[in-house]
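# Structural overview
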Amino acid sequence: IHTVRDLIHHFPFRHNDFAHIRKVSELEYGKEQTVLVSVWEATKTQLGGNPRRASTQAVVGDETGNVRAVWFNRGFIADQLKPGTKLVLSGKAGAFRGQLVFESPEYEVLRGQELDELIHTGRLVPVYPKTEGLWDKSLRNYIRQALKACSHQIEEFLPEDIRHREGLMGLQDAIGQMHYPNSTDDANAARRRLAFDEFLIMQLAMLQRRREWKEEHAGVALEYDSAVVDGFMRSLPFPLTKAQQRAQDEILRDVATDRSMSRMLQGDVGSGKTVVALAALLAAVSAGYQGVLMAPTEVLAEQHFLTVRRLLVGKGSYQGDGPVVTVQAEWAAKPIKLGLLIGSMTKKVKTGMQEAVSSGEVDILIGTHAVIQEGVAPPNLALAVVDEQHRFGVMQRATLREKGVRPHLLAMSATPIPRSLYLTLYGDLDISVLDEMPPGRQEIRTRVVQPEGREAAYEMVRKEVGKGRQVFVVCPLIQESDALQTRAATEEYDKLSQQVFPDLRVGLLHGKLPLKEKERVMGEFQQREMDILVATPVIEVGIDIPNASVMMIDGAERFGLSQLHQLRGRVGRGEHQSYCLLLSDSPGEDARERLRLVERLQDGFKLAEEDLRLRGPGDYIGTRQSGFLEFKVARLSDTDILAMARREATRLVDADPDLQKPEHAGIAGAIQARQQGVADFS
Ligand code: ADP
Ligand code: MG
């Protein structure tokens, strides 16, 4: 907080409803409620949780009775609660041994004067996010003073007609009511107004970007050779699904025009996005241009490289076994050069590849975003495909633009993004959806396995291997570091190969292995020279082994539902009944409920909706790039406000595309401020 503006935009995360303080005798089980009490006694005790950390246990009361409160693992609170201290407690009252007890309630120690103020004002009192050493009380004072002194300087930037049409509170009121609302309704109306602003600005910025991408930066109209694209399609061992066909038509139509394509190809795991993307890349190559395929991880980039090589070669041949291969396909008049470029390659290899790309020699470059970050400049780039767009797409778009290249852009995502979210995150992309699976996919039987079921799960693995099937074992997700993740996988591998399945052929795959080694491991697994593949969660994407029938995920509770769904999609790709076992050592109630959803739901979209409901949008976002962390007030669940903002944004842009009318100056300024303040906001 640097300025007065920062200060008054520092909003409370909730309000204490001091207007509705209950008496202890009025408390009800299981409800959020607030009491004003005095402390009788407070002690540090050992209670459950971490044995090394003390908890606080207190008896408090008012003139109508007493109630207990506990704070697990927070022994320090006891020090603040001297007998006689006045205290406001807010939270749910539960029952313990027939007595009412507040479990880890919000609390506020009152000093005499403040008590007076709070009660006699009889209002909703803001509780602010704050760092240690900063008191609510001080923050309230500062903010209140700032509001008093400066509120009148807050300038309304929304045109009257929008406010009127959507029934929005004025900005000055809204900011005041965010802090000190007259009522809960007013607090909600204030929040609604400010959330609307955030959504509106974001939508407008998106629409603007999309227009710029499409209009100002004219792309290349690809005069592609349909014989090449068709020849490739015919060489595939399967016909395209209707959805794939439709997506392909949409994409080819886009790239044939000189407006840069900006399209998202969305489809559940296994819906067959790769061949669609590859057809588009071939269109670019056949028109005499270059294409890049970017992946979020090295493993995935390498897999793409190998998959693309395999798909292109078909019955033809290829030369070279390093990061550059020359493919002579039956259906192509000219050989096609494929390149791989990832961060972990040696400097020498990278330099070589960059030269091959810069000279225009490489037709299709596959790699991680190192591809664009480390100074590769394909001189004839016409199409950029970005896989798993939800992880890092925005930055790439910006970088591509900075380089002055205006390629067509195809983003791919397997994360089934709920429609509501889609508009928010990717409103600036057109969308093609693969809503149909290739024929013959099996329903995957999914089971949550409790700790006592581990042995039985191993038995089942053994049985499947006995039938000639293969098994994936994914080790628990460790977010902190690659090194830890590698260790976890190695430990799991040691355990399984030495203790549990010493008689079976067990392999290990993790991100730190060199490409050759990964290629060897995956090759062996593909050739059925290995029964069980222990892997880090990186195999989440891309691997295709039809003979694999079991996906066993250890530490399943650490994964997001969508991630579990993606992993599950690695099996059930052949003719065999397949299984997904979700091992979980200590699932709490919440974790168990989430895992049961994966058991019950096969549809990625439904799971995503549930995931969103249970966990909030975090899983879809992952990085700052999505811009969501920049929202102070809006939440993704505000779908009605979002729809409203979208409506108004479209209306605005239709009426005044460049926001040049005087009544739109305020909005234009807000967009600019936002874009300057948040460099990679998108
Ligand atoms: P994803 O959409 O998850 O990236 P992939 O492109 O990896 O899916 O495709 C999954 C598997 O399905 C691959 O083995 C691919 O060859 C196969 N496949 C793709 N399209 C079809 C189709 N139309 N019919 C049968 N199999 C297909
Ligand atoms: Mg894929």
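Now for a look at the structure at hand. (Residues numbered from 1 in each chain as written. Chains lettered and ligands numbered in written order. Predicted model: local features only at pLDDT ≥ 70, side-chain atom pairs only at ≥ 80, totals over all residues. Heavy atoms only, no water.)

### Observations concerning the overall build of the protein
Helix and strand counts for the protein stand at 24 helices and 23 strands. The burial tally for the protein puts 54% of its 682 residues in the buried class. Summarising the internal contacts of the protein: among those between residues at least 6 apart in sequence, 72% fall at separations of at least 24. For the protein, the accessible area works out to roughly 30,800 Å², and carbon and sulfur atoms hold 49% of it. (Helix = DSSP H or I, 4+ residues; strand = E, 2+ residues; numbered from the N terminus. Buried < 20%, exposed > 50% of the residue type's maximum accessible area, 1.4 Å probe, protein only. Contact = heavy atoms within 4.5 Å. Areas by Shrake-Rupley, 256 points an atom, 1.4 Å probe, with all protein chains shown as cover.)

### Topic: the sheet that holds strand E10 (residues 290-295)
Note: strands within a sheet are paired through backbone hydrogen bonds, in either parallel or antiparallel orientation. Taking strand neighbours across the sheet as the criterion, the nine strands line up as E11-E12-E13-E14-E10-E15-E16-E9-E17 in an open arrangement whose pairing is mixed. This sheet does not close on itself; its edge strands, each paired only once, are strand E11 (317-319) and strand E17 (430-434). For this sheet, the mean inter-axis angle between neighbouring strands, taken without regard to orientation, is 20°. Two elements, strand E12 (residues 324-328) and strand E13 (residues 336-341), share four bridges in a ladder whose sense is antiparallel. Looking at the pairing, valine 327 lines up with isoleucine 336 of E13. (Pairing = 2+ DSSP bridges. Axes fitted to C-alpha atoms, helices over the stretch in contact; angles between N-to-C directions.)

### Things to note about the pattern of salt bridges
Tallying each qualifying case throughout the model produces 23 salt bridges. The partner of aspartate 161 in a salt bridge is arginine 165, with the nearest N and O atoms 3.6 Å apart. Of this pair, aspartate 161 and arginine 165 both sit in helix H5 (residues 160-166), four residues apart, which is roughly one turn of that helix. Arginine 165 sits in the partly exposed class, given a relative accessible area of 35%. Across the salt bridge formed by glutamate 250 and arginine 263, the nearest N and O atoms sit 3.6 Å from each other. Here glutamate 250 is found in helix H9 (residues 242-255), whereas its partner arginine 263 is found in strand E9 (residues 262-267), with 13 residues between them in sequence. Taken individually, glutamate 250 and arginine 263 each receive the classification buried, so the pair is uniform in this respect. Bridged by salt links that share partners, the residues Glu156, Glu160, Arg163, Arg193 and Asp197 form one connected network. (Salt bridge = Lys/Arg side-chain N within 4 Å of Asp/Glu carboxyl O.)

### Remarks on the pairing of strand E21 (residues 532-535)
A regular strand places its side chains so that they alternate between the two faces of the sheet. Here E21 shows two buried faces, one formed by Ile532 and Val534 and the other by Leu533 and Ala535. Judged from the four bridges that link them, strand E20 (residues 506-509) and E21 form a sheet pairing that is parallel. Within E21, the residue paired with leucine 509 across the bridge is alanine 535. Of the crossover connections in this fold, the one passing from E20 over helix H18 (residues 515-526) to the parallel E21 is right-handed. (Right-handed = clockwise from strand over helix to strand, strands pointing away.)

### Here we look at the environment of leucine 515
Here leucine 515 shows up in helix H18. A relative accessible area of 24% means that leucine 515 is categorised as partly exposed. Sequence spacing of leucine 515 and isoleucine 342 is 173 residues, and the spatial spacing of their C-alpha atoms is 10.0 Å. Not counting residues up to four positions away in its chain, the partners in contact with leucine 515 are Glu302 and Leu340.

### Digging into helix H16 (residues 454-466)
The end-to-end C-alpha separation of H16 is 18 Å, in line with the 18 Å expected for 13 residues at 1.5 Å each. Taken from the residues just after H16, glycine 468 is the one with a positive phi, measuring 95°. (Expected span 1.5 Å × (residues − 1).)

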